[in-house]
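Residue-level structural notes
Here are the chains, one letter per residue:
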Amino acid sequence: MKTVLSMLLVLSTLPAAAQDWAKARLTSSPRHGEWVDVKYGNRSVHSFVVYPEVKTKAPTIVVIHEIFGMTEWVQGMADQFAENGYIAIAPDLLSGMGPNGGGTSSIEATKVGQEIGKLPPDQITADLNAVSDYVAKLPSANGKLAVTGYCWGGGQTFRFATNRPTVSLALSFYGPPPPAEDMARIKAKVYGFYAENDARIDSMIYPKGEADMKAAGKFFEGVIYKGAGHGFMRAGEAPPPTDEAIAKNANAKAAYDANKQAREDAWVRIKAILKTM
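Only a predicted model underlies this, so the values are computations on that prediction, with no experimental measurement involved. (Residues numbered from 1 in each chain as written. Predicted model: local features only at pLDDT ≥ 70, side-chain atom pairs only at ≥ 80, totals over all residues. Heavy atoms only, no water.)

**Details of helix 2 (residues 20-27)**
Within helix 2 the residues assigned to the buried category are Trp21, Ala22 and Leu26. Buried residues along helix 2 cover an arc of 135° about the axis, so they all sit on one side. Elements that come into contact with the buried residues of helix 2 comprise strand 2 (43-50), helix 3 (72-83) and helix 8 (232-235). (Buried < 20%, exposed > 50% of the residue type's maximum accessible area, 1.4 Å probe, protein only. Helix = DSSP H or I, 4+ residues; strand = E, 2+ residues; numbered from the N terminus. Arc of directions from axis to C-beta. Contact = heavy atoms within 4.5 Å.)

**Quick notes on the pairing of strand 1 (residues 33-40)**
Summarising the sheet, strand 1 and strand 2 pair through eight bridges and their orientation is antiparallel. Bridge pairing links valine 36 to serine 47 in strand 2. (Pairing = 2+ DSSP bridges.)

**A few points about the environment of glycine 175**
Relative to the helices and strands, glycine 175 resides in the loop between strand 6 (167-173) and strand 7 (189-197). What makes glycine 175 buried here is its relative accessible area of 0%. Spatially, the C-alpha atoms of glycine 175 and glutamate 108 are 24 Å apart, while their sequence positions differ by 67 residues.

**Points about the packing of helix 2 against helix 3**
Contact pair helix 2 / helix 3: the axes reach a minimum separation of 9 Å and the direction vectors enclose 35°. For the pair helix 2 and helix 3, the crossing hand works out as left-handed. Residue-level inspection shows Trp21, Ala22, Lys23, Arg25 and Leu26 of helix 2 in contact with helix 3, the latter providing Glu72, Trp73, Gln75, Gly76, Asp79, Gln80 and Glu83. Tallied by class, residues from the contact of helix 2 with helix 3 come to four nonpolar, three polar and five charged. (Axes fitted to C-alpha atoms, helices over the stretch in contact; angles between N-to-C directions. Left-handed = near helix turned anticlockwise from the far one by under 90°. Nonpolar A, V, L, I, M, F, W, Y, C, P; charged D, E, K, R; others polar.)

**Observations regarding the pairing of strand 4 (residues 87-91)**
In the case of a regular strand, side chains alternate between the two sheet surfaces. Most of strand 4 is tucked away: five of the five residues are buried. Where burial is concerned, the two faces of strand 4 agree: the one with Ile87, Ile89 and Pro91 and the one with Ala88 and Ala90 are both buried. Bridging between strand 2 and strand 4 involves four bridges; their strand directions are antiparallel. The partner of phenylalanine 48 across the bridge, within strand 4, is alanine 90. By the bridge criterion, three bridges tie strand 3 (residues 58-64) to strand 4 in an arrangement that is parallel. Note on strand 4: the bridge partner recorded for valine 62 is isoleucine 89. Once you follow strand 3 into helix 3 and on to strand 4, the crossover reads as right-handed. (Right-handed = clockwise from strand over helix to strand, strands pointing away.)

**Concerning the pattern of salt bridges**
Under the definition given, this model contains 16 salt bridges. A salt bridge links arginine 269 to glutamate 221; the nearest nitrogen and oxygen atoms lie 3.2 Å apart. You can see arginine 269 sitting in helix 10 (residues 252-274) and its partner glutamate 221 sitting in strand 8 (residues 220-229), a full 48 residues away along the chain. Arginine 269 sits in the buried class, given a relative accessible area of 12%. Relative accessible area serves as the criterion here: at 34%, glutamate 221 is assigned to the partly exposed category. (Salt bridge = Lys/Arg side-chain N within 4 Å of Asp/Glu carboxyl O.)

**Describing the packing of aromatic side chains**
All chains considered together, the criterion is met by twelve aromatic pairs. Measuring from ring centre to ring centre gives 6.2 Å for phenylalanine 193 and tyrosine 225, while their planes differ by 0°; the resulting arrangement is stacked. Placement of phenylalanine 193 in strand 7 and of tyrosine 225 in strand 8 is noted, with a sequence separation of 32 residues between them. One exposure class covers both phenylalanine 193 and tyrosine 225, and it is buried. (Phe/Tyr/Trp six-rings, centres within 6.5 Å; stacked < 30°, edge-to-face > 60°.)

As structure tokens, this is what we get:
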């Protein structure tokens, strides 16, 4: 929790320009992205959808955000999955939970993580089911469904696989596993992406999480990326540290290089996995 709170504080105190790299990548994309409000019951889930440039019907993937909520980086990840042939939908799971019924953007940055921690598990599942139904029924979708998530979203990805039998692939990034008793409901193949310098999460997966999946007779394949830290998919996409940052932290450059390599290696693996669906 200390690591997560530190990351939240850093993000909240950065000048806007410091996150411009995520926005720049998103705005330069040639793919069509749009915001939709997925409604069910008395809820409306504000979601970002990106379409691949393909001539045939495409598989779909739900992209679950980090504990930082909906960000341009998460939208960028959705775009990157669309770049690889998937219709991607990234829901803001804080939709309606902020002031005046707003979502992530309406909540003070340092309090986003606290608000995510208050989300009812059943509501999270219902939101994810709603957006999954939405993309699966799109005319350009072929009916196949995958899910991926990062940090808090990585844990929710693993958990959603226990609650949605139509999920074919689950790509869980540095998130904890669900309770062992829930794993029997999993129908998907689960792939884990973990950082070497992330003992908090790794200790939940190895050996117990992996052993529990094996005992349940479920497919699980995890990889630990050497030298990487928690959040390497985001950290490895950011610009390299400045000379000033390196002067303050002698390990900054080595940590960045490890995260960047982990991200590149993870994408090679992601693309290979997606081809099996």
